[in-house]
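Descriptive structure summary
So the chains spell out like this:
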Amino acid sequence: MNKIFTLNSSLHGYSVPPTPQQLQQQVHFKWQKSICSILATSGVNNILNLIDRHGHRIDSVGLPGPCISLCWSFDGEWVVAVAEGSTLLYVWDASIRKSIPPIDTNMKGLSQQAWSHSSEVLAVGSTKGNLLLYNKKTSKKIPVLGKHSKAIVCLCWNKEDFTLSNVDGDTIFQMGLKGEPSKLQWSTMRTTTADSPPSLVLSIVLSNKTIFFHSMATPDAPIELAFQSKYGSIVTYEWFGEGFLMIGFSSGYFIVVSTNMNEIGQEVFQSHNFKDNLSDVCISAALEKAATAGDGCVKVHELGDLKDVYAILTLEEDRGGLLGMEWTDDGGFLTVGTRSGNVYTYLSKLPVIGSSCGTVIAYVTALREITIVDQNKSGFTGMTFMYKKEIEFEPSIVAIGPTYFAAGMNSRMNFYRGGWPKPVVKWNAPKPKLSLKPGENVFQKDYLGTIKLASLNTTMAAVLLVDGRLQVHSIDERAIVLPPSFTKTFPPSDMESLVITAVSLTNELLIYGTESGHIHHFSLEDWALVSEVKHQTSIQEIYPQPKRARFIFRDENGDAYLCDPVADVLFSIPNLSTKTIGFVWETSQSSERSIFVSWDDLFITTHAYVPFSIKDQQCISLGTTKLPHGLKPLILNDGIVICQTPGGKLSHIRLTTHEPINVKIFDEKNEKAIGKTLQTLYTLGRMTDLWALIGVVSSRKAWVMLAEAALHVMDLTTAKRVYCQILHDPGMVITLSDILETTCEERNVLAGHVSVIFGDFDRAQELFLSSSEPIQALIMRRDLMHWDHALSLASKLSPSDVSVISREFASKLETESKFMEALTMYEKALESSTRMKVVESVREDHQVACSAGVTRMTFRMGDTSRGMKMLTGVDDAKLLTECAAILEGIKMYLESGGLYERAKNWEKAAEVYTKGKLWNKVGPLLEQVSSPKIFLQYAKAKEAAKQYEEAASAYERGKDHENLVRLYVEHLQNIDGAVKIVRETRSRDSARIVSKFFQSMRDYKSVVEFLLMAGMVDEAFELAQHHDVMEHFGEIVQSEATTEMLFNIATYFESKNQLLNAGIYLLKAKNYIRALRMFIRCPVLDGKPVELAIETVGMAKSDGLTHELIDYLMGENDGIPKEAKYIFKLYMSLGAFRDAARTAIIIAREEQMLGNYRTAHDLLLDNFKQLRKCKAKIPADLERMLMLLHSYILVKTLVRINQHELGARMLIRVSNSISKFPTHVVPILTSTVIECHRSDLKKEAYEYAAMLMRPEYRNLVDAKYKRKIEQIVRRPDSEENTVSEKLSPCPYCKYMVPETSLDCIECKNHLPYCISTGKHMTLEEWSLCPSCEFPSLLSGFKLVVSQTSACSMCNAELKVEDLKLAPNAEELLRGVKERVDTTPQPKDQPDPATKEYTTGTAAGPGKATTPTDMDVPFGAVGSEKQAAVAAPSASRV
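Conventions used here
- Residues numbered from 1 in each chain as written.
- Predicted model: local features only at pLDDT ≥ 70, side-chain atom pairs only at ≥ 80, totals over all residues.
- Heavy atoms only, no water.
- Helix = DSSP H or I, 4+ residues; strand = E, 2+ residues; numbered from the N terminus.
- Contact = heavy atoms within 4.5 Å.
- Areas by Shrake-Rupley, 256 points an atom, 1.4 Å probe, with all protein chains shown as cover.
- Pairing = 2+ DSSP bridges.
- Axes fitted to C-alpha atoms, helices over the stretch in contact; angles between N-to-C directions.
- Core = buried A, V, L, I, M, F, W, Y, C linked by side-chain atoms within 4.5 Å.
- Buried < 20%, exposed > 50% of the residue type's maximum accessible area, 1.4 Å probe, protein only.
- Expected span 1.5 Å × (residues − 1).
- Arc of directions from axis to C-beta.
- Polar contact = N/O pair within 3.5 Å; in protein donor to acceptor, adjacent residues only side chain to side chain.
- Patch = residues over 30% accessible without salt bridge, like charges linked within 9 Å, V, L, I, M, F, W, Y side chains within 5 Å.
- Salt bridge = Lys/Arg side-chain N within 4 Å of Asp/Glu carboxyl O.
- Phe/Tyr/Trp six-rings, centres within 6.5 Å; stacked < 30°, edge-to-face > 60°.
- Parallel < 35°, antiparallel > 145°, perpendicular 65-115°, else oblique.
- Left-handed = near helix turned anticlockwise from the far one by under 90°.
- pLDDT = per-residue confidence, 0-100.
- Lys, Arg positive; Asp, Glu negative; His and termini not counted.
- Charge placed at Lys NZ, Arg CZ, Asp CG, Glu CD.

Further remarks concern the overall build of the protein chain. From N to C terminus, the protein chain includes 43 helices and 61 strands. Residue pairs at least 24 apart in sequence account for 45% of intrachain contacts in the protein chain once pairs closer than 6 positions are excluded. Surface summary for the protein chain: the accessible area is close to 68500 Å², and the carbon and sulfur share equals 50%.

Written out as structure tokens, the structure reads:
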């Protein structure tokens, strides 16, 4: 709010500073009612000042004394001043702008006056209690003497001119009051009944403490409101809204209370607005604002939200001296008076006058100021300020064009240079020297009448006068764009009666509407009328679409229409508010859609005009947006509405239809709402936002709605994209692609194809027939098989197609059993076939098909004799079959079968003969028939004739096994054949027949078998019980038996003391407790019960059963400990692989200690493989123990293939752990010395020979080798004579390591070993055994397999060609390392489950044997005893 003028205290006779006497008399000020253009003021100088809206004094009137009351008439024509001590009323007339003679009241002591709100009656009160009513129109005075006994202090009229005294001065009502009254106001209060009208009420302040309410409806029940003491005294109050009071208090508070009867006195709002004092409260209903004054400032609040302070006006020079305030009736000005005589006026509301052209806006920002801005930037508030233009008058009209803008008032219009693009010079004239200074006044024109509205284009102005005349003229004569002083007046002289009511000017056209409802399009280039639109009622407003020929207009009834003269379209805009004020078209350059908005006082509604669709043109309402009070939309640019505010500013409102999409608020269940959102985005042309939702919106129905919306407006490209990328509908994609590729650009053809997609075939036909391709209607009807429509169209559009369509129509009628009509159509097709434009062969085929139809219809009509004649000589199998089927339907089986035979349809012929029981005709056809049904019917006939062999053959070919088995058993005594059939077919009924036969033969096992096949389980079980064939019964049913049946079988075996069988069936029934106890009770013969017990515990996973089984294995039950291998199997069954491995190691170690090396080796190998299969970690102890045993066993193989050095190296490896082989220490060391000596490993030979010569071993050495060993010890060879071991790379780090070393000193890794040579593995020669998957060096592997044909680890048979290099050696190496569990194992302790076990007999310490069968290098072995000493027995290795 800007201060527009100040009336200084000197104007009102106050000095600076004012004297105490001056401060006792306040300055009076009142704004003119209704017109609001003149402010009347009076001060201590006893002068009535009349001030205009710009602060200029118009006139002044001298008063005989101080002014005590000042009041304007309701129409703003008179202002009346009451002077102290005078009986006269001093009047100034605004219509003549001068004072008129005073009015004598003949009453002394005038004190108050009040004008009626709706009539020209003035009420004047005096200090004597007298009242005068003066009628301004009639000059009649009505004195009412003695109205009050004391001074009249307040007068107030209600809106209906009804007071407690009427207009004649008669007293209607009177009552006494408890305090001094003041501030009378009339208003209304709502009653407690919602349907009752509000009651008239008079409010009075009593003693500045309470407010008294007198209701005219209930005069005997007044209401008085009191307030909190902290508020202080009541300064003033105002009514607003529906029964609300705003009350200001002296302590600075102002509150709002409700006077509605159901909540009367309730505080709605409270604010301590000022610290020291509050001087006044004033409300403007027009602005919906409230002003409060105090503490040297004025605060303006929004009535809708009083917490919102709209503006704060500070009066620093008069702080603490505020006197009062007043708004003009229209809310345009707020005037504030002070005790020092100053009067300040603020502009609170401007006339909302503005205009736009494209993106440029011209609007009033002050009383005499116009601002030009250009909305040419993207973004919500993108705006380019251009300039402000001060003009010499207050404009009532503003217009703007591409080059100029104009401001007008009454009959005057000024034109100003806009400062944007130069006008185009069309005339051959010298180039003018034009000033391009923005805002230059280029032209001023006075018209012969008051201006109603104006419209500008680049060079011209169209000005419509109130009297209905229209003047079109050039704007700037210096521009030489038009001939100098060009002016044209409408209507023409020959149409003087025509009254123009609306106009709009574009660069090409002048569009104006008339009172008679006609809209004329006048070409500016040709200067001629080019079109005319006729309407029924007067045209009030025209809104042309930028750069388009279409426009919107409103008539005098308030109805709005959209007109497109190019397309010859005129229709009413639907869903339009009855209170619509105006329309604004979209101005965005990027918009390809025809979008506009309509607006009223509350809402902006978004509309979209769709010029092309499969139906008529349409206008769609897309949504509404709240419009703040008082705003006027000027421009719509890309979803942003730019509005002019009453405060002279621009406000940007984003339409709700153009809000950014928030996918979080989408309700996936409400697919229809999502589809509406997608359709709105498409209609608005927001394609970027729309495609961004791909992948976000998953609702198929929503995308279908979008695709259908695109199809409705014939946007096939968008629809195709939706169906292709989102809906993945290949059928629709192909259809749309075909339409796009084959259809011309004619809209009717395209709309016809789209109508077909929507199933509106009648509309499609209508569109096709009105297009340049009417044949498309015939094609559509033929494709849809609408033959009646197609035939009608073909007779007009394509007579050559009548014959084909008649035939197709006849086929349809035939399928509908309309044989008479079908016969007619076939005959018509045959008759019109000569008009077909086809090759002769096609015509002949067509005629044949028509003739066949005629023949069929002849049979259908029941004329069989004629039909048979027509078939004479016919060999068409299809026609014969069709006619035979017709005859079959009417039960003419002999004739039908004959036709089937002629068609060589032997199956049908036999079937028809069978129906007619013509068996003599059926027999010859059986060799060519395969239908089981025919064979079965024939077999039954033969069986009835007791021809059993033929019947059996027919049953067999008909696959009726039950009847075939019955014949075999009952009549042909072919039991073997019957059994074979039953076992092959598993037929229950057949099995029942066979079981009865075997029961008669007392073959109960067979009876059980076939009863089970027949599904007679209970009977079979009972039979098995009685005849002791339960084991056979169980073997058959065990895979499919129920738990109950398994229990029954187990119970039977238990009763027969067959505990093993009982346990097996209990295990299958998952009764693990009873199963285990059955297995434990079984005698241990072959170990099967123990293994089954272990399997049971493994399946049960029960700690109790596990402990029970362990007790059994340890002999707690029978005192007989079981073999240790069962403990190992138990652990494996339970998945306790680590414990299983420990057990295996213990068992293998005992076997090894006893000299059973092969047994220990196989045990460890089996455990190793099982752990690897279960993907469990393999203990390092197990892996090393297996390696050592395998190295020992490998010696024999290496010696056999003449690899003595490797054999010696393996013996050295074993000898280094000789304590692991206590049973054969001496033989092993002896063999080591022999092989080392043979391989020139002198140092190693000496080392182990010296070990043998120790006292504990010396006497145990074989005498044959003792002397030689002593010589090796006595005369050792030098170390230089020892053969050095070859080196090969470590597979982990490539460090060169001795070939048989299994530890790398560089990377500290334990190296995997070769099962064929004992060497460590290398990546270059890594291969695997196909059976046990242990690694081996390929060259050594092939050498061993070529000699032994077996794997040295698992003894599986192998072939050399099966051995290959592993492609993933590095991966296998990592697997070896990861598989081994290097976690330290607890020290071995005697296992209570194995400590008493005996695993075999061992050779005593004195019975030393050599470990390998090898040739000894010291000479031939001469005796059997010597051989036994040199090599262990085969059972050992």
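Once the structure has been displayed, the description carries forward.
Turning next to the sheet that holds strand β8 (residues 88-93). With antiparallel pairing, the four strands of this open sheet are ordered in space as β6-β7-β8-β9. Every other strand in the sheet has two partners, leaving β6 (67-72) and β9 (98-104) as the edge strands with one partner each. On average, adjacent strands in this sheet sit at an angle of 20° to one another, irrespective of strand direction. Sheet analysis places β6 next to strand β7 (residues 78-83), joined by five bridges and oriented antiparallel. Opposite Ser69, over in β7, you have Val82 as the bridge partner.

For the rest of this paragraph, the subject is the nonpolar core. Among the nonpolar cores identified, the biggest contains 65 residues, and Leu1252 and Phe1334 are the most heavily contacted of them. The contact partners of Leu1252, leaving out residues within four places of it in the chain, are Val1226, Leu1229, Thr1230, Val1233, Tyr1257, Arg1258, Val1261 and Ile1269. The next biggest cluster of nonpolar side chains, apart from the first, holds 40 residues, and it includes Ala1024, Phe1033, Val1037 and Leu1066.

Looking now at helix α40 (residues 1263-1274). Taking 1.5 Å per residue, twelve residues should reach 16 Å; α40 reaches 17 Å between its end C-alpha atoms and fits that length. Turning to α40, its buried residues are Tyr1265, Ile1269, Glu1270 and Ile1272. End-on, the buried residues of α40 take up no more than an arc of 155°, which puts them together on one face. Summarising the geometry of α40, the exposed residues directed more than 90 degrees from the buried face are Ala1263, Arg1267 and Arg1274. One side-chain oxygen at the N-terminal end of α40 lies 2.8 Å from the backbone nitrogen of Lys1264; it belongs to Asp1262.

This part covers a nonpolar patch on the surface. Taken together, Leu769, Ile775, Ile779 and Leu797 make up a surface patch of nonpolar side chains, about 290 Å² in accessible area. By the secondary structure assignment, Leu769 is in helix α8 (residues 761-769). The partly exposed category is assigned to Leu769, whose relative accessible area is 38%.

In this section: the packing of aromatic side chains. Per the counting criterion, the structure on display carries 25 aromatic pairs. Between Phe490 and Tyr512 the ring centres are 5.5 Å apart and the planes differ by 45°, which places this aromatic pair in the tilted class. Of the two residues, Phe490 sits in strand β40 (residues 487-490) while Tyr512 sits in strand β42 (residues 509-514), which places them 22 residues apart along the sequence. The pair Phe490 / Tyr512 is uniform in exposure class, with both members buried.

A few words now on the sheet that holds strand β4 (residues 47-52). Spatially, the four strands line up as an open sheet ordered β2-β3-β4-β5, and their pairing is antiparallel. Across the chains shown, the open sheet's two edge strands, defined by having one partner strand only, are β2 (28-31) and β5 (57-62). Along the sheet, successive strands turn relative to each other by an average axial angle of 15°, direction set aside. Pairing analysis gives four bridges linking β2 to strand β3 (residues 38-42), with the strands arranged antiparallel. The residue of β3 that forms the bridge with Trp31 is Leu39.

Quick look at the packing of helix α11 (residues 802-815) against helix α12 (residues 819-831) now. Orientation of α11 relative to α12, taken along the N-to-C sense of each, is 160°, at an axis distance of 8 Å. One way to sum up the angle between α11 and α12 is to call them roughly antiparallel. Crossing hand, α11 versus α12: left-handed. Across the interface between the two elements, Val802, Ser803, Ser806, Arg807, Phe809, Ala810, Ser811, Leu813 and Glu814 from α11 touch Phe819, Glu821, Ala822, Met825, Tyr826, Lys828 and Ala829 from α12.

Moving on, we get to the confidence of the model for the protein chain. For the protein chain, the mean per-residue pLDDT works out to 82, and 87% of the residues sit at or above 70. Note on residues 422-434: pLDDT is under 50 here. Beyond four places in sequence and across chains, it has 25 contacts. Here residues 1387-1437 is modelled with pLDDT under 50, and outside its nearest four sequence neighbours on either side it reaches 93 contacts, counting other chains as well.

In terms of burial, strand β10 (residues 110-115) is largely enclosed, as five of its six residues are buried. Two elements, β10 and strand β11 (residues 121-126), share five bridges in a ladder whose sense is antiparallel. Its bridge partner lying in β11, Gln112 is registered against Gly125. Linking β10 to β11, which pair antiparallel, is a turn of five residues.

Overall, the coordinates contain 29 salt bridges when judged by the stated rule. With a shortest N-O distance of 3.5 Å, Glu1205 and Arg1209 are connected by a salt bridge. Of the two residues, Glu1205 and Arg1209 are both situated in helix α36 (residues 1204-1215); the distance of four residues between them amounts to about one turn of the helix. Look at Glu1205 and you get partly exposed, because its relative accessible area is 33%. Salt-bridge contacts for Lys1319 lead to Glu1299; the nearest nitrogen and oxygen are separated by 3.5 Å. Here Lys1319, found in the loop between β58 (1296-1298) and β59 (1326-1328), pairs with Glu1299, found in the loop between β58 and β59; they are 20 residues apart in sequence, far enough to count as distant. Take Lys1319 and Glu1299: they sit in the same class, and that class is buried. Taken together, the salt bridges that share partners define one network made up of Asp75, Glu77, Glu120 and Lys136.

Quick look at α36 now. The end-to-end C-alpha distance of α36 is 16 Å, a good match for the 16 Å that twelve residues give at a rise of 1.5 Å each. Along its buried surface, α36 packs onto α35 (1180-1200), α37 (1225-1238) and α38 (1242-1252).

It is worth spelling out the pairing of strand β26 (residues 322-327) at this point. In terms of burial, β26 is a largely internal element, six of the six residues being buried. The pairing of β26 with strand β27 (residues 333-338) spans five bridges and is antiparallel. Following the sheet pairing, Met325 is matched in β27 by Val336. Linkage of β26 to β27, two consecutive antiparallel strands, is achieved through a turn of five residues, within which Gly331 is found at a positive phi near 75°.

Attention now moves to a negative patch on the surface. Together, Asp1018, Glu1019, Glu1022 and Glu1044 make up a region of like negative charge exposed at the surface. At three residues, helix α25 (residues 1017-1026) tops the list of elements feeding residues into the negative patch. Along the chain, the position of Glu1022 falls in helix α25. The exposure class assigned to Glu1022 is partly exposed, which follows from its relative accessible area of 46%.

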